[in-house]
Amino acid sequence: MKDFYAILIFALAVAVATMFVQSGVWLTFIMMSLYAALLAQAWNILGGYGGQLSFGHALFFGVGAYAQALGQLNWGLNPWMVLPIAIVCGALVGLAVGALTFRYGLRGSYFALVTLAFAEVFRIVAGSVSFTGGGVGLMVPLKEGVANMQFASRHGYIYLILAFVVLALAVTAWLRHSRFGAYLQAVRDNEDAARAIGVDPLNIKLKGIAISAAFMSAAGAFYVQVFQYIDPSIAFGPAVSVEALVGAIVGGIGTLWGPIAGAVALHVLADFTRNLFGELPGISMVIYGVVLIVIVMFAPRGLSGYGQPVMRLFSQKGRSHG
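What you see is a predicted model; the values in this text were computed from it and never measured.

(A) Local environment of the overall build of the protein. Broken down by element type, the protein carries 14 helices and 2 strands. Here the C-alpha radius of gyration of the protein, 20 Å, is about what a compact globule of 322 residues would show, namely 20 Å. Its C-alpha atoms give the protein principal-axis dimensions of roughly 60 × 50 × 40 Å. For the protein, the proportion of its 322 residues judged to be buried stands at 49%. Contacts in the protein between residues at least 24 apart in sequence constitute 78% of all its contacts with a sequence separation of at least 6. Per element, the accessible surface of the protein, about 15300 Å² overall, is 70% carbon and sulfur.

(B) The arrangement of the side chain of Gln225 in detail. As for its position among the elements, Gln225 is in helix H9 (residues 201–227). In this structure Gln225 comes out as buried when scored by relative accessible area, which is 1%. A polar contact is formed between the side chain of Gln225 and the backbone oxygen of Met149, at a distance of 3.2 Å.

(C) Summary view of the environment of Ala163. For Ala163, the location among the structural elements is in helix H6 (residues 154–177). Since its relative accessible area comes to 45%, Ala163 is described here as partly exposed. A sequence separation of 111 residues divides Ala163 from Arg274, and the C-alpha atoms of the two residues are 28 Å apart.

(D) Representation of the packing of aromatic side chains in the model. Overall, the coordinates contain 13 aromatic pairs when judged by the stated rule. Their ring planes at 70 degrees and their centres at 5.8 Å tell us that Phe61 and Tyr223 sit as a pair that is edge-to-face. On the criterion of sequence distance, the pair formed by Phe61 in helix H3 (residues 58–73) and Tyr223 in helix H9 is long-range, its members being 162 residues apart. Residue Phe61 shares its accessibility class with Tyr223, and that shared class is buried. On the numbers, 5.0 Å between centres and 85 degrees between planes, the contact of Phe151 with Tyr157 is edge-to-face. Each member of the pair, Phe151 as well as Tyr157, carries the same accessibility label: buried. Feature note: the residues Tyr35, Phe61, Phe151, Tyr157, Phe222, Tyr223 and Phe227 constitute an aromatic cluster, connected by ring pairs.

(E) Structural view of unusual backbone geometry. Its identity is not glycine, yet Met149 carries a phi of approximately 55 degrees, on the positive side. Looking at where Met149 falls in the secondary structure, it is placed in the loop between strand S1 (138–139) and H6. Despite not being glycine, Gln228 has its phi angle at roughly 60 degrees, a positive value. The residue Gln228 is located in the loop between H9 and strand S2 (229–230) in this model. Gln228 gets classed as buried once you look at its relative accessible area, which sits at 18%.

(F) Quick look at the pattern of salt bridges. All told, the structure shown has 7 salt bridges when counted by the stated rule. Here Glu191 ties to Arg107 by a salt bridge, and the two come within 3.3 Å at their closest N and O atoms. With Glu191 in helix H8 (residues 191–196) and Arg107 in the loop between helix H4 (79–102) and helix H5 (109–126), this residue pair connects regions lying 84 residues apart in the sequence. With relative accessibility at 9%, the residue Glu191 sits in the buried group.

(G) Just the packing of helix H1 (residues 2–19) against H6, in detail. Between H1 and H6, whose axes approach to 10 Å, the crossing angle comes to 170 degrees. With respect to H6, the element H1 is oriented roughly antiparallel. Counting all contacts with H1, which are made through Asp3, Phe4, Ile7, Phe10, Ala11, Val14, Ala15, Thr18 and Met19, the residues of H6 involved are His155, Ile158, Tyr159, Leu162, Val165, Val166, Leu169, Ala170, Ala173, Trp174, Arg176 and His177. Classifying every residue of the contact of H1 with H6 by side-chain character gives 16 nonpolar, 3 polar and 2 charged.

(H) Structural view of the nonpolar core. Counting 92 residues, the largest nonpolar core has Leu34, Tyr35 and Ile230 as the members making the most contacts within it. Residue contributions to this core peak at 16 residues, all from helix H2 (residues 24–49). If we skip the residues at most four places from it in the chain, Leu34 touches Phe10, Val14, Ile158, Ile161, Leu162 and Val165.

(I) Seen up close, the UniProt feature "transmembrane region" (unreviewed entry) in the protein. UniProt feature "transmembrane region" (unreviewed entry): in the numbering of this structure it lies at residues 58–75, 81–102, 109–136, 156–175, 204–224, 244–270 and 282–303. Across residues 156–175 one finds 100% helix and 0% strand; the C-alpha atoms that close the span lie 29 Å apart. Along residues 204–224 the backbone is 100% helical and 0% strand, and the end-to-end C-alpha distance reaches 31 Å.

(J) Representation of the packing of H6 against H9 in the model. Two numbers describe how H6 lies on H9: the axes approach to 11 Å, and their chain directions differ by 175 degrees. It follows from the interaxial angle that H6 and H9 lie roughly antiparallel. Contacts from Arg154, Tyr157, Leu160, Ile161, Phe164, Leu167, Ala168 and Val171 of H6 reach H9 at Ile211, Phe215, Ala218, Phe222, Gln225 and Val226. Taken together, the residues of the contact of H6 with H9 break down into 12 nonpolar, 1 polar and 1 charged.

Reading the values: the criteria
- Residues numbered from 1 in each chain as written.
- Predicted model: local features only at pLDDT ≥ 70, side-chain atom pairs only at ≥ 80, totals over all residues.
- Heavy atoms only, no water.
- Helix = DSSP H or I, 4+ residues; strand = E, 2+ residues; numbered from the N terminus.
- Rg over C-alpha atoms; globule rule 2.2 N^0.38 Å.
- Buried < 20%, exposed > 50% of the residue type's maximum accessible area, 1.4 Å probe, protein only.
- Contact = heavy atoms within 4.5 Å.
- Areas by Shrake-Rupley, 256 points an atom, 1.4 Å probe, with all protein chains shown as cover.
- Polar contact = N/O pair within 3.5 Å; in protein donor to acceptor, adjacent residues only side chain to side chain.
- Phe/Tyr/Trp six-rings, centres within 6.5 Å; stacked < 30°, edge-to-face > 60°.
- Salt bridge = Lys/Arg side-chain N within 4 Å of Asp/Glu carboxyl O.
- Axes fitted to C-alpha atoms, helices over the stretch in contact; angles between N-to-C directions.
- Parallel < 35°, antiparallel > 145°, perpendicular 65-115°, else oblique.
- Nonpolar A, V, L, I, M, F, W, Y, C, P; charged D, E, K, R; others polar.
- Core = buried A, V, L, I, M, F, W, Y, C linked by side-chain atoms within 4.5 Å.
- UniProt positions renumbered as here; feature names shortened; annotations may be inferred.

Listed below in structure tokens is the structure:
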């Protein structure tokens, strides 16, 4: 229960603090940090707890983004109605990819490369067919209003993405304490040993990738509503996949709060470098690469690895005073 109380406190703190922020710069920073946190937490569910390292999570992001855009443009549906459809579409694609890869025993670097290949195939297809707008992409018409999921200020978008982040945190906390989460981590640690004690690795991994893909699709749908535009390079390009996996690794994979810390840290660094170098093309990818190398070499447990000893120290002091 401690995890769920902490999540509730986090949600209330962010929501209340946002109410008093009026600066557009700070509101955008909070919104994009939460967006990056959702990407990282989605990747963490499969990569951190499931041990299935993906290089192509942009695949699920792009499916959610295009489903959100197409539902409004081609089907004439309200964005709130399209949102769950987009999430389900992402989960179904996750199941399809999982069925094609896990059934044949692909894992580790093989699984990572296959997911990257799937994302690239979808990028090429999306740029070649007419109903996706081809290489030009799709633009969602401006219809400002809560009913159309287009808010007058960043506050509305922050509360929306905060709801998704809180839900992702709750699911991650559930994975830490549930039987399914234990099975998922058992498959991560030793798939053969898990099978020997009666766990069905294929079933567990399929459920894991579906959950991860659903949250990634939610991030894609959110992106479309904020920026009102999507194209194949944005939807299925490597930038989204890199942001998701680097945020999780920097913060600490297989942890509850690591992806949140990693996402915020990367956005602070990105804003700093943007002010320092300007809008230099590709600079964010270079920074992410350097940070990833440093973390892997000197702090393989991520930022959360530094916080855990401090928490243990405080808990030991509390017990000694008690």
